[in-house]
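Reading the structure
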Amino acid sequence: MEVKIEQSWKEALKGEFEEPYFESLVATLHAEKRSGKVIYPPGPLIFNAFNLTPIDKVKVVIIGQDPYHGPGQAEGLSFSVPHGVTPPPSLKNIYKEIESDLGVTLHKDGSLEGWAKQGVFLLNAILTVRAGAAASHSGIGWAEFTDAVIRTLSERREGLVFLLWGNFARSKKALIDTTKHYVLEAAHPSPLAGGAFFGCRHFSRANAILEAEGLTPIDWTL
């Protein structure tokens with residue numbers, strides 16, 4: 001089947017698109033749409049993270065769980081909402097940590113597109129969700145696909161910085177070759193974690209690693 005995704009990713013993942021689980025996944029999404037269910041993000045944005053950050057441009061990987069399930073929030077980038085949309089609670093806490101870590105003041109809306117364009121791969125483990133029903137697509141095959149994405153990044157690239165926040169993201173560490181990549185772990189930025197995310201300093205630490213690798217650091221204020 002034809003998947004509209006950036007060419008380098010399309011080439012790297014072509015085997016996955018031919019797997020029975022992926023055909024089944026697509027069939028499930030089509031069936032839900034035919035039955036009148038609303039799915040987020042909109043079709044053209046499902047692979048937004050891939051389209052904004054080609055595989056050879058990835059520097060940092062931030063793994064989320066599944067898209068926001070409210071109207072107008074999901075845009076295919078983990079933790080991000082479209083320009084003009086108020087940052088959700090977890091993202092507000094991410095911004096607070098950036099301000100504390102880097103000694104800056106942020107005047108950002110909720111879109112992290114500026115990060116994606118600098119090489120921050122904002123990957124949700126589950127790429128779609130039924131409107132109003134969190135984790136509703138967690139069992140249809142996306143996890144198998146995004147596990148393959150993480151393994152592909154681990155195998156094909158070197159010196160990437162993986163930011164794993166919360167137990168779900170940390171469960172993906174087994175897919176990463178830690179002898180050639182950097183893994184920083186912390187609590188989830190959700191308010192439900194009781195502030196345990198604060199003080200992780202992942203943003204300055206990630207930039208220090210990138211600079212040591214001879215790469216341009218991320219401007220987290222964009």
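Our structure's up above, just so we're on the same page.
Residues numbered from 1 in each chain as written. Predicted model: local features only at pLDDT ≥ 70, side-chain atom pairs only at ≥ 80, totals over all residues. Heavy atoms only, no water.

This part covers the packing of helix α5 (residues 89-102) against helix α9 (residues 202-212). Axis separation between α5 and α9 bottoms out at 8 Å; the angle between their running directions is 60 degrees. Regarding the angle of α5 to α9, the classification is oblique. Together, Ile-94, Glu-97, Ile-98, Asp-101 and Leu-102 of α5 and His-202, Phe-203 and Ser-204 of α9 make up the contact between the two elements. Here the residues of the contact of α5 with α9 sort into four nonpolar, two polar and two charged. (Axes fitted to C-alpha atoms, helices over the stretch in contact; angles between N-to-C directions. Helix = DSSP H or I, 4+ residues; strand = E, 2+ residues; numbered from the N terminus. Parallel < 35°, antiparallel > 145°, perpendicular 65-115°, else oblique. Contact = heavy atoms within 4.5 Å. Nonpolar A, V, L, I, M, F, W, Y, C, P; charged D, E, K, R; others polar.)

Attention shifts here to the packing of helix α3 (residues 20-34) against helix α7 (residues 142-156). Where α3 meets α7, the closest approach of the two axes is 9 Å, and the angle between their N-to-C directions is 130 degrees. Between α3 and α7, the angle is such that the two are oblique. Crossing hand, α3 versus α7: left-handed. Taken together, the residues of α7 that come into contact with α3 (itself represented by Tyr-21, Phe-22, Leu-25 and Leu-29) are Trp-142, Glu-144 and Phe-145. Residues that form the contact of α3 with α7 fall into these classes: six nonpolar, no polar and one charged. (Left-handed = near helix turned anticlockwise from the far one by under 90°.)

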